[in-house]
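Observations on chain architecture
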Amino acid sequence: MAEPFIRLSGVRKLYRRRDAEYLAISDASFDVMAGELVALVGPSGCGKTTLLKILAGLHGHDGGEVKIGSSTHAFDPARDVGMVFQQPLLLKWRRILENVLLPAEILGLPMEPSRERAMQLLELVGLKGFEQKYPYELSGGMQQRAAIARALVHDPKLILMDEPFGALDALTREKMNLELLRIWKESQKTIIFVTHGISEAVFLGTRVVVLTAGPARMADNIAIELPHPRTLDMKTNKDFGDYTRRIYKLLGME
C-alpha cells in the first residue's frame, strides 16, 4: 500500500497573545495521498486557514505530527508549495505573464524554461492571448485563473487553495469549479481546497475533511465516490444529496 503524501496526526495549534491563549486547532488527524483533491470544510473561524499555513510551513504547530513527502522524496515548503488565495493578489503594475513568473523569479529558477512553462500554463487555464494584459483588463474569474497558473509555475508538489472562488459570483464560481477539476486532472497535482461551501466541497473533492467549530477537530473524513469527470447535473442526484446532508448533520445544520 502506498504511503500518504501528507500525514497529520493529533495536530494542535495554540496562539499566545499577551497574557491570553487561544486554541485554534485541538486535534487534526488525516492523511492525503499523492494526486488527491481534498476539500476542507467547516464553520468560519474553525482553523481551516491555520491548518493550511501549517502545511505551507508558515506556522509551526504545538502538538502532534505533520509529515509531508516521503523517505525517498524530501519536501521543501519554499519550493514545493503553491498557494491560491481568495483574492488573486496580482501585482497591478505587472502584466499577466510577469505575474505568473513571479515565483520562478523569487526562487531563482532559470527564466527561459520558466517562461515556456508559464506560457503553457496560461494556455492550460484558458488565458492564451492574455499574456500581455494587465490585471485590471481581466475579469475576476480570469484573474483567479492567472493566480492558479502562478501557483503552478514552479512545479510544486502541493497546491493549497484558501477559498479561491469565494469572491466570485455564483455562475463564475461554478464555471471555475469545472475548470479547477480539469486543471487538477491535467496537472496531476495534490490539492487541498478550503471552502465554506458544502456543495462545493462535495463536487470538487475526492474526499471531504469536515472540521468542527474552533478549536478545530476532525468530525469526519468522507470519501466522495462520485464518478469523473464531474458535471453540474450531478448536484441533483441522490448520492450527491446524501453526501451534503451527511456533512450538514456533522456540522449541526440539519
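As shown above, the structure is provided for reference.
Anyway, here's the lowdown on the structure attached to this text. Per-chain numbering applies: the sequence of each chain, read as written, is numbered from 1 onward. Residues qualify for local features only when their pLDDT is at least 70, as the model is predicted, and side-chain atom pairs are given and counted only at 80 or more; totals for whole chains, interfaces and linings, by contrast, use all residues. The side-chain figures draw on all heavy atoms in the structure; neither hydrogens nor water molecules are used.

Re the sheet that holds strand 4 (residues 63-68)
Just so we agree on the cut-off: The pairing criterion is simple: DSSP has to find at least two bridges between the two strands. Here a strand is any run of E in DSSP of at least two residues, a helix any run of H or I of at least four, and the numbering for each starts at the N terminus. Every angle, taken between N-to-C directions, lies between 0 and 180 degrees, and every axis is a line fitted to C-alpha atoms, over only the stretch in contact when it is a helix. Working rule for contacts: check all heavy atoms of both residues, and any pair within 4.5 Å makes them a contact.
The strand order 4-1-2-9-8-3-7-6-5 describes an open sheet built from nine strands, whose pairing is mixed. Edge positions in the sheet fall to strand 4 and strand 5 (81-84), since each has one partner strand and no second. In this sheet, adjacent strand axes meet at a mean angle of 20 degrees when their direction is disregarded. Here strand 3 (residues 37-41) runs beside strand 7 (residues 190-195); their pairing, made up of five bridges, is parallel. Bridge pairing links Val38 to Ile192 in strand 7. Sheet strands touched by helix 9 (residues 238-250): strand 3, strand 8 (207-211) and strand 9 (216-223). Its angle to strand 9, the strand with the most contacts, is close to 165 degrees.

Some details on the pattern of salt bridges
Heads up, the rule is: We count a salt bridge whenever a side-chain nitrogen from Lys or Arg sits within 4 Å of a carboxyl oxygen from Asp or Glu. Throughout this description, buried means an accessible area under 20% of the type-specific maximum (1.4 Å probe, protein chains only), exposed means over 50%, and partly exposed covers the range between.
All told, the structure shown has 17 salt bridges when counted by the stated rule. The shortest N-O distance in the salt bridge between Arg94 and Glu105 comes to 2.7 Å. Of this pair, Arg94 sits in the loop between strand 5 and helix 3 (96-100) while Glu105 is found in helix 4 (residues 102-107), placing the two residues 11 residues apart along the sequence. When its relative accessible area of 15% is taken as the criterion, Arg94 is described as buried. On the basis of relative accessible area, Glu105 is assigned to the partly exposed category, the value being 37%. Across the pair Lys238 and Asp242 runs a salt bridge whose closest N-O atoms are separated by 2.7 Å. Residue Lys238 and its partner Asp242 are both found in helix 9; the two are separated by four residues, about one turn of the helix.

A short note on empty space enclosed by the protein
Using the following cut-off: Here the term cavity refers to a set of points on a 1 Å grid, laid over the protein atoms alone, in which a 1.4 Å probe fits but cannot get out; the term pocket refers to an open set having protein on both sides within 12 Å along at least five of seven lines, with lining residues being those that place an atom within 4 Å of a point. Grid points are joined across faces, edges and corners, and a volume is the space filled by probe spheres set on the points. Basically, the charged four are Asp, Glu, Lys and Arg, the nonpolar ten are Ala, Val, Leu, Ile, Met, Phe, Trp, Tyr, Cys and Pro, and anything else, Gly included, counts as polar.
A full pass over the atoms with the stated rule returns one cavity of 30 Å³ or more. Approximately 50 Å³ is the volume attributed to the largest cavity. Together, Ile148, Leu152, Ile159, Met161, Leu180, Ile183, Trp184, Ser187, Lys189 and Ile191 line the largest cavity. Mapped by element, the contributors of at least two residues to the lining of the largest cavity are helix 6 (140-152), strand 6 (158-162) and helix 7 (170-187). The element best represented in the lining of the largest cavity is helix 7, accounting for four residues. The residue makeup of the lining of the largest cavity, split by class, is eight nonpolar, one polar and one charged.

As for the layout of surface pockets
The computed volume of the largest pocket comes to approximately 400 Å³. Taken together, 16 residues form the lining of the largest pocket, with Val81, Gly82, Met83, Pro103 and His154 sitting closest to its centre. With four residues, the single largest contributor to the lining of the largest pocket is helix 4. Of the residues that constitute the lining of the largest pocket, the class distribution is 13 nonpolar, two polar and one charged.

Let's talk about the packing of aromatic side chains
Using the following cut-off: Put simply, two rings from Phe, Tyr or Trp (the six-membered ring, in Trp's case) pair if the centres are within 6.5 Å, and we call them stacked under 30 degrees between planes, edge-to-face over 60, tilted for the rest.
Scanning the model with the defined rule gives four aromatic pairs in all. Arranged with centres 6.0 Å apart and planes meeting at 75 degrees, the rings of Phe5 and Phe75 form a pair that is edge-to-face. In this pair, Phe5 sits in the segment before strand 1 (6-17) while Phe75 sits in the loop between strand 4 and helix 2 (77-80), placing the two residues 70 residues apart along the sequence. On the accessibility criterion, Phe75 (17% relative accessible area) is buried.

With respect to the nonpolar core
Put simply, the test is: Remark: nonpolar core denotes a set of buried residues (Ala, Val, Leu, Ile, Met, Phe, Trp, Tyr, Cys) joined through side-chain atoms within 4.5 Å.
Membership of the largest hydrophobic core comes to 47 residues, with the highest contact counts inside it found for Ile148, Met161, Ile191, Phe193, Val208 and Ile247. A total of six residues in this core trace back to one element, the largest contributor, which is helix 6. Sequence-distant contacts of Val208, defined by excluding residues within four places in its chain, comprise Ala39, Val41, Ala201, Val202, Asp220, Asn221, Ile222, Ile224 and Ile247. Grouped together as the second largest cluster of nonpolar side chains are 29 residues, Ala28, Val38, Met83 and Leu160 included.

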